[in-house]
Amino acid sequence: MRTHVDERPLAAAPVARTEHGTEFRILGAISFSHLLNDMMQSLILAIYPILKSDFDLSFAQIGTITLTYQLAASLLQPAVGMITDKKPMPYSLPIGMGFTLGGLVLLASAPNFPILLVAAALVGTGSSVFHPESSRVARMASGGRYGLAQSLFQVGGNAGTSLGPLLAAWIIVPKGRSSVAWFSAAALLAMVVLLQVSRWYQEHHAVRGKAKARQSELVPLTRGKIAATLLILGVLIFSKYFYMASINSYYTFYLMHKFGVGVATAQTHLFVFLFAVAAGSLLGGPIGDRIGRKWVIWASILGVAPFTLLLPHVNLFWTGVLIILIGLILSSAFSAILVYAQELIPGRVGMISGMFFGFAFGMGGIGAAVLGRLADARGIEYVYGLCAYLPLIGLIAVFLPNLERPLQARTAKR
């Protein structure tokens, strides 16, 4: 006797065109806000050498700061996304930025390590509110070019992250930790921009909420297949963000230890890596729109492995060259992963965005804490030798199902 299996399609890839064109003005505003948001957040990572000196911190305590920030930035995000899927909250964007503002002011004046952790948690909370709703705005403004929209959104955040170490080297290192408070002006500017975005979001959602979204290219995935696919994506996020944690939190220490460079020089090298990440993030989404997101995910994470394996064994010049290539290739994955997951479970943009941003931040935080303890026990060079193998996990991307045919094929069919 045959057992009935529910084979109804649970995922669909949206059509490439919508009735509304791409709103580049809104995408520009939300990307600029993302730049300011992530620039302020990256200051925490960028001033680690200063914090280590001021408070006589161990690597494990440095990792705990990152863990606190990342957990605050990750645990709330899925909840925020699920709530706003049911009840959109356009003005949560500037409100979330207010948490970041409070965290910066506290970071500049913290008298001890526990208060540093509170400051990191406030900045992380601001991030947890910002990312799910701003990712939804990017999708709403995409005009059907979802990969492009997410890449434009991501490039703002990655560009902001890259600016943190540079601004720290130029301003905070010579002026001291108290100068972090000056960056509260960036939070105020972001709040002004996000107020305008929130007004558009409120009006746009009111109009679009009455219309039914058109979908095509149905993909017959069962719930079990969707769960397995989400698990694969989660493992890929683990691989990417554990490796990224080794760079974001400890690259400056690695350069200072292995090559004897100063703090400002090490932070400039970190800026170069983060700038490469920003540039690479612009590629993954549009390429995924054209050739399929699975192939971008696979090529990005697995393709970086030869360079990560070489990194621990080269001199300072080639370290600089390899780190640029690593940043360019590895960063192209996240936009493709996020849009792929949104298409896997349509109608849950907020939940998926919150879940994946949150999981990415969480993996980064856990990675920083684990790698910090490992660095204390075995040395910073050992950490980089071990992390070099993480991108090989990208091999499992071959098991991801194709959710859509490439855009060229759909266009030719029409």
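Residues numbered from 1 in each chain as written. Predicted model: local features only at pLDDT ≥ 70, side-chain atom pairs only at ≥ 80, totals over all residues. Heavy atoms only, no water.

### Things to note about empty space enclosed by the protein
1) Next: Counted according to the given criterion, the structure contains 2 cavities of 30 Å³ or more.
2) Next: In this structure, the largest cavity occupies an estimated 490 Å³ of space.
3) Next: In terms of lining residues, the largest cavity is bounded by 30 residues, among which Asn158, Thr161, Tyr241, Asn248 and Phe361 are the most central.
4) Next: Elements with a minimum of two residues in the lining of the largest cavity: helix H1 (24-46), helix H3 (59-86), helix H6 (146-175), helix H8 (223-259), helix H9 (263-291), helix H13 (333-344) and helix H14 (349-378).
5) Next: If you tally residues by element for the lining of the largest cavity, the top one is H8, at 6 residues.
6) Next: The class makeup of the residues in the lining of the largest cavity is 12 nonpolar, 16 polar and 2 charged.
7) Next: Taken as a whole, the second largest cavity spans an internal volume of roughly 40 Å³.
8) Next: Residue lining of the second largest cavity: Ser42, Leu45, Ala46, Thr161, Pro165, Asn248, Leu270 and Leu274, and that is the complete set.
9) Next: Listed by contribution, the elements that provide at least two residues to the lining of the second largest cavity are H1, H6 and H9.
10) Next: Take the lining of the second largest cavity: its biggest share by element is 3 residues, from H1. (1 Å grid on protein atoms, 1.4 Å probe; cavity = no way out; pocket = protein on both sides within 12 Å on 5 of 7 lines; lining within 4 Å. Points joined across faces, edges and corners; volume = space filled by probe spheres on them. Helix = DSSP H or I, 4+ residues; strand = E, 2+ residues; numbered from the N terminus. Nonpolar A, V, L, I, M, F, W, Y, C, P; charged D, E, K, R; others polar.)

### Description of the pattern of salt bridges
1) Next: Counted according to the given criterion, the structure contains 4 salt bridges.
2) Next: Here Asp85 makes a salt bridge to Arg136, at a shortest N to O gap of 3.0 Å. Of this pair, Asp85 sits in helix H3 while Arg136 is found in helix H5 (residues 113-140), placing the two residues 51 residues apart along the sequence.
3) Next: Taking the relative accessible area as the measure of exposure, Asp85 reaches 22% and is therefore partly exposed.
4) Next: We classify Arg136 as buried; its relative accessible area is 10%.
5) Next: Among the ionic pairs, Glu133 bridges to Arg136, the shortest N-O distance being 2.8 Å. With Glu133 and Arg136 both in helix H5 and 3 residues apart, the pair spans about one turn of that helix. In this structure, Glu133 and Arg136 share a single accessibility class: buried.
6) Next: Shared partners join several salt bridges into a network, and the residues in it are Asp85, Glu133 and Arg136. (Salt bridge = Lys/Arg side-chain N within 4 Å of Asp/Glu carboxyl O. Buried < 20%, exposed > 50% of the residue type's maximum accessible area, 1.4 Å probe, protein only.)

### Notes on the packing of helix H10 (residues 293-303) against H13
Helix-helix packing is described using two parameters, namely the angle between the two axes and the distance between the axes.
1) Next: Where H10 meets H13, the closest approach of the two axes is 9 Å, and the angle between their N-to-C directions is 145°. Relative to H13, H10 is oriented so that their crossing is left-handed. Along the contact surface, H10 presents Arg293, Lys294, Val296, Ile297, Ser300 and Ile301, while H13 presents Ala333, Ala336, Ile337, Val339, Tyr340 and Glu343.
2) Next: Among the residues making up the contact of H10 with H13, the classes are represented as 8 nonpolar, 1 polar and 3 charged. (Axes fitted to C-alpha atoms, helices over the stretch in contact; angles between N-to-C directions. Left-handed = near helix turned anticlockwise from the far one by under 90°. Contact = heavy atoms within 4.5 Å.)

### Points about the nonpolar core
1) Next: By size, the foremost hydrophobic cluster in this structure holds 114 residues, and its most contacted members are Ile65, Tyr250, Phe273, Ile297 and Tyr384.
2) Next: Considering every element that reaches this core, the biggest residue donor is H8, with 15 residues. (Core = buried A, V, L, I, M, F, W, Y, C linked by side-chain atoms within 4.5 Å.)

### Quick word on H14
Residues spaced three or four apart along an α-helix point in a common direction, a consequence of the helix completing one turn every 3.6 residues.
1) Next: Compared with an ideal rise of 1.5 Å per residue, which puts 30 residues at 44 Å, H14 spans 42 Å between its outermost C-alpha atoms and is within 8% of the ideal.
2) Next: Buried residues dominate H14, accounting for 21 of its 30 residues.
3) Next: Positive phi shows up at Gly379, right after H14, with a value of about 105°. (Expected span 1.5 Å × (residues − 1).)

### Notes on the packing of aromatic side chains
1) Next: One pass over the structure, following the stated rule, counts 10 aromatic pairs.
2) Next: For the ring pair Phe59 and Tyr250, a centre distance of 6.2 Å and an interplane angle of 75° mean the geometry is edge-to-face. Of this pair, Phe59 sits in helix H3 while Tyr250 sits in helix H8; the two residues are 191 residues apart in sequence, bridging distant segments of the chain. By the burial criterion, Phe59 is buried, and Tyr250 matches it.
3) Next: Here the aromatic rings of Phe238 and Phe242 are separated by 4.7 Å at their centres, their planes lie at 45°, and the arrangement is tilted. One end of the pair, Phe238, and the other, Phe242, are both in helix H8, 4 residues apart, so they sit about a helical turn from each other. (Phe/Tyr/Trp six-rings, centres within 6.5 Å; stacked < 30°, edge-to-face > 60°.)

### Describing the environment of Asp289
1) Next: Mapped onto the fold, Asp289 is located in helix H9.
2) Next: Through-space distance from the C-alpha of Asp289 to that of Gly147 is 5.6 Å; in sequence the pair is 142 residues apart.

### With respect to unusual backbone geometry
1) Next: Phi is positive for Asp56, which is not a glycine, with a value near 55°.
2) Next: For Asp56, a relative accessible area of 67% puts it in the exposed group.

### A short note on a nonpolar patch on the surface
1) Next: A contiguous nonpolar surface patch, about 340 Å² in accessible area, is contributed by Tyr91, Ile95, Phe99 and Leu195.
2) Next: Along the chain, Tyr91 falls in the loop between H3 and helix H4 (92-109).
3) Next: Residue class for Tyr91 comes out partly exposed when judged on its relative accessible area of 32%. (Patch = residues over 30% accessible without salt bridge, like charges linked within 9 Å, V, L, I, M, F, W, Y side chains within 5 Å. Areas by Shrake-Rupley, 256 points an atom, 1.4 Å probe, with all protein chains shown as cover.)

### Side note on the confidence of the model for the protein
1) Next: Of the residues in the protein, 89% have a pLDDT of 70 or more, and the chain-wide mean is 81.
2) Next: The spread of mean pLDDT over the elements of the protein runs between strand E1 (residues 11-14), the lowest at 40, and helix H11 (residues 305-310), the highest at 93.
3) Next: Segment residues 207-218: pLDDT under 50, and 19 contacts once partners within four positions in sequence are set aside and those in other chains are kept.
4) Next: Note on residues 405-414: pLDDT under 50 across the span, and 16 contacts to partners over four residues away in sequence or across chains. (pLDDT = per-residue confidence, 0-100.)

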